[in-house]
Amino acid sequence: QVQLVESGGGLVQAGDSLRLSCAASGGTFGSYAMGWFRQAPGKGREFVAAINWSGANTYYADSVKGRFTISRDNAKKTLSLQMNSLKPEDTAVYYCAAQTSGTYYTIHHKYDYWGQGTQVTVSS
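The residue count restarts for each chain, going from 1 along the sequence in the order it is written. Reporting of local features is limited, given that this is a predicted model, to residues whose pLDDT is at least 70; pairs of side-chain atoms are given and counted only at 80 or more, and all residues count toward the totals for whole chains, interfaces and linings. Think of the side-chain values as coming from all heavy atoms in the structure, minus any hydrogens and water.

1. Let's talk about the overall build of the protein
Then, in step 1: Numbering goes from the N terminus for both helices and strands, where a helix is a DSSP run of H or I of at least four residues and a strand is a run of E of at least two. When helices and strands are tallied, the protein shows zero helices and 11 strands.
Then, in step 2: Written out in order from the N terminus, the α and β elements of the protein read β-β-β-β-β-β-β-β-β-β-β.
Then, in step 3: With C-alpha atoms as the basis for the radius of gyration, the globule rule is written as 2.2 Å multiplied by the number of residues raised to the power 0.38. In terms of overall size, the protein behaves like a compact globule, its C-alpha atoms giving a radius of gyration of 13 Å where 124 residues would be expected to give roughly 14 Å.
Then, in step 4: In terms of principal-axis extent, the alpha carbons of the protein reach across some 40 × 25 × 25 Å.
Then, in step 5: Expressed as a percentage of its 124 residues, the buried residues of the protein come to 40%.
Then, in step 6: A separation threshold of at least 6 residues defines the contact pool for the protein, and within that pool the share at least 24 residues apart is 58%.
Then, in step 7: Methods summary: accessible areas were calculated by the Shrake-Rupley approach with a probe of 1.4 Å, and residue burial reflects only the protein chains presented. When the accessible surface of the protein is split by element, carbon and sulfur atoms take 48% of a total near 6,000 Å².
Then, in step 8: Only four residue types enter the tally: Lys and Arg on the positive side, Asp and Glu on the negative side; His and the chain ends are excluded. One atom stands in for each charge, and that atom is NZ of Lys, CZ of Arg, CG of Asp or CD of Glu. The distance from the centre of the 11 positive side-chain charges to the centre of the 8 negative ones in the protein is 4 Å. Categorising residues by exposure relies on relative accessible area from a 1.4 Å probe, with only protein chains included: less than 20% of the type maximum marks a residue as buried, more than 50% marks it as exposed, and the intermediate range marks it as partly exposed. Should any heavy atoms of two residues lie within 4.5 Å, those residues are counted as being in contact.

2. Focus on the pattern of salt bridges
Then, in step 1: By definition, a salt bridge exists where a carboxyl oxygen of Asp or Glu is found within 4 Å of a side-chain nitrogen of Lys or Arg. By the definition in use, this model includes four salt bridges.
Then, in step 2: Taking the shortest distance from any N to any O, the salt bridge between Arg 38 and Glu 46 comes out at 2.8 Å.

3. What to know about the nonpolar core
Then, in step 1: Definition used in this section: a nonpolar core is a set of buried Ala, Val, Leu, Ile, Met, Phe, Trp, Tyr and Cys residues joined via side-chain atoms within 4.5 Å. Within the largest apolar cluster, 35 residues are counted, with the highest numbers of intra-cluster contacts made by Trp 36, Leu 79, Leu 81, Met 83 and Tyr 94.
Then, in step 2: Among the elements of the structure, strand 3 (18-25), strand 4 (33-39), strand 5 (46-51), strand 7 (68-73), strand 8 (78-83), strand 9 (92-99) and strand 11 (118-123) are those that each provide at least two residues to this core.

4. Points about the pairing of strand 5
Then, in step 1: Counting buried positions along strand 5 gives five out of six residues, so the element sits mostly inside the fold.
Then, in step 2: Only strands joined by at least two bridges in the DSSP assignment are considered to pair. Taken together, strand 5 and the strand that follows it, strand 6 (residues 58-60), pair antiparallel across an intervening segment of six residues, in which Gly 55 is found at a positive phi of about 90°.

5. A few points about the sheet that holds strand 7
Within a sheet, each strand pairs with its neighbour through backbone hydrogen bonds, oriented either parallel or antiparallel.
Then, in step 1: One open sheet holds the four strands; their spatial order is 1-3-8-7, and the pairing between them is antiparallel. Unpaired on one side and paired on the other, strand 1 (3-7) and strand 7 mark the two borders of the sheet. Taken pair by pair, the neighbouring strands of this sheet meet at an average axis angle of 15°, ignoring direction.
Then, in step 2: Two elements, strand 7 and strand 8, share six bridges in a ladder whose sense is antiparallel. Residue pairing across strands places Phe 68 opposite Met 83, the latter belonging to strand 8. The axes used here are C-alpha line fits, helices contributing only the stretch in contact, and every angle between their N-to-C directions lies in the interval 0 to 180 degrees.

6. Brief notes about the side chain of Arg 67
Then, in step 1: Its place among the elements puts Arg 67 in the loop between strand 6 and strand 7.
Then, in step 2: For Arg 67, a relative accessible area of 12% corresponds to the buried category.
Then, in step 3: What qualifies as a polar contact is a pair of N or O atoms within 3.5 Å, subject to a donor-acceptor requirement within protein and to the restriction that residues adjacent in sequence count only when both atoms come from side chains. For Arg 67, the side chain forms a polar contact with the main-chain oxygen of Ser 85, separated by 3.0 Å.
Then, in step 4: Those residues in contact with Arg 67 that lie beyond four places of it in its chain are Gln 82, Met 83, Asn 84, Ser 85, Leu 86, Lys 87 and Asp 90.

Following this line, the structure appears as structure tokens:
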């Protein structure tokens, strides 16, 4: 069983930065692809970014490309999301997710394990 715990969310102003972290326990983190998703009130879960097992390959939603950076530290079993130039439309609950096959996807139902989420609120 894999447990994922997100942290780092908060209330910031437009243009500020935040760094989200996801700590993993159980399973074999170093073999999993990982993703970040977000869900705003009244909306579905939206893909944000993904990274393959080694960290060599990353993929971003167009809405965050150039502003967000996904990274991982397999030795520490942590996943990160550096978010710069935040906008009010980035406001959402952010979730990290693990894909045990090692292949990353942009579709949320392809992921096997999820964290509980961390709230990010960006004021204008």
